[in-house]
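What the coordinates show
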Amino acid sequence: MAEYKNVEKPFLGKLKELGWKVIDQGAFGIPHDPAKSLRSSFKQLTLKEEFKNAIKRINTLEDKQWLTEKQLEDIYADITSIEKTGLSLLEANKDVFEKLIGKTKTTVSENEISGEQNPLVKLIDFKNWKNNSYIAINQFRIVTPGGPRLGIIPDIVLFINGLPMVVIECKDVDVSDPISDSIN
């Protein structure tokens, strides 16, 4: 309770002041409804609908959104399906990072409005930051089948355009070794 009151809640408050959408799931217990954290399942690591809405919004041509639902689904699958790539987790994270910053290009076959072939798709709008989606969710339960535990519940996860970018483990001052405790 002290950790939530003294660290987590004030941190979420500051994020809200900075313009983040904050989903505060409280301090007690294990979340039981994934919909509260904008997901259909606790196995989802991303906010799929938020991702699709943000990508659609930041990719416009003459103020018209041009990505189709199928293209958005394909982009989402490309970003989130590391099992299909055969890459290690580290390599897959590097691949996604390079797509996010534009080092590796993300494209679709055609812009159906302009007819442009293989147009570039932005995953983050670096020119106009206000176009991006910023969401902070506390007590973000993740089910991890086959792992050493049945799941984890990071204190706060920060999402940009529906993708988890930062995991924050909060510790109150009464913890004797907060770094070790956070890692554990």
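So, here's what we can say about the structure. (Residues numbered from 1 in each chain as written. Predicted model: local features only at pLDDT ≥ 70, side-chain atom pairs only at ≥ 80, totals over all residues. Heavy atoms only, no water.)

**Focus: the pattern of salt bridges**
Tallied over the full model, the rule gives 14 salt bridges. A salt bridge links Glu169 to Lys171, with the shortest nitrogen-to-oxygen separation between them at 3.4 Å. With a relative accessible area of 33%, Glu169 lands in the partly exposed category. Linked by salt bridges that have partners in common, Lys48, Glu49, Lys52, Glu69 and Glu73 make up one network. (Salt bridge = Lys/Arg side-chain N within 4 Å of Asp/Glu carboxyl O. Buried < 20%, exposed > 50% of the residue type's maximum accessible area, 1.4 Å probe, protein only.)

**What about the pairing of strand β8 (residues 163-168)?**
With five bridges joining them, strand β7 (residues 156-160) and β8 adopt antiparallel strand pairing. Bridge pairing links Leu158 to Val166 in β8. (Pairing = 2+ DSSP bridges. Helix = DSSP H or I, 4+ residues; strand = E, 2+ residues; numbered from the N terminus.)

**A look at a nonpolar patch on the surface**
Among the surface-exposed residues, Phe97, Ile101, Phe126 and Trp129 lie close enough to one another that they form a single nonpolar patch of about 420 Å² accessible area. As for its position among the elements, Ile101 is in helix α4 (residues 89-101). (Patch = residues over 30% accessible without salt bridge, like charges linked within 9 Å, V, L, I, M, F, W, Y side chains within 5 Å. Areas by Shrake-Rupley, 256 points an atom, 1.4 Å probe, with all protein chains shown as cover.)

**Re the side chain of Thr46**
Of note, Thr46 is situated in the loop between β1 (21-23) and α2 (48-58). At a separation of 2.4 Å, a polar atom in the side chain of Thr46 contacts the side chain of Tyr76. Beyond its immediate chain neighbours, meaning those up to four positions away, Thr46 contacts Arg39, Tyr76, Thr80, Phe159, Gly162, Leu163 and Pro164. (Polar contact = N/O pair within 3.5 Å; in protein donor to acceptor, adjacent residues only side chain to side chain. Contact = heavy atoms within 4.5 Å.)

**Some details on the sheet that holds β8**
Spatial strand order, β1-β4-β7-β8: four strands in an open sheet with mixed pairing. Each edge of the sheet is formed by a strand with only one pairing partner; in this case those strands are β1 and β8. The sheet shows a mean angle of 20° between the axes of neighbouring strands, taken without regard to direction. Looking at chain direction, strand β4 (residues 134-138) and β7 are connected through five bridges and run antiparallel. Note that in β7 the partner of Ala136 across the bridge is Leu158. Across the sheet, helix α1 (residues 2-17) touches β1, β4, β7 and β8, and the angle it forms with β4 is around 165°. (Axes fitted to C-alpha atoms, helices over the stretch in contact; angles between N-to-C directions.)

**Some words on the environment of Gly13**
With respect to the element layout, Gly13 can be found in helix α1. On the accessibility criterion, Gly13 (31% relative accessible area) is partly exposed. C-alpha separation for the pair Gly13 and Asp24, spaced eleven residues apart in sequence, amounts to 9.7 Å.

**Considering the packing of α2 against helix α3 (residues 69-80)**
For any two helices packed against each other, one specifies the inter-axial angle together with the distance between the axes. For the pair α2 and α3, interaxial distance at closest approach is 10 Å and the crossing angle is 120°. Regarding the angle of α2 to α3, the classification is oblique. Relative to α3, α2 is oriented so that their crossing is right-handed. Contact with α2, carried on its side by Lys48, Phe51, Lys52, Ile55 and Lys56, involves Glu69, Leu72, Glu73, Ile75, Tyr76 and Ile79 of α3 and no other residues of that element. (Parallel < 35°, antiparallel > 145°, perpendicular 65-115°, else oblique. Left-handed = near helix turned anticlockwise from the far one by under 90°.)

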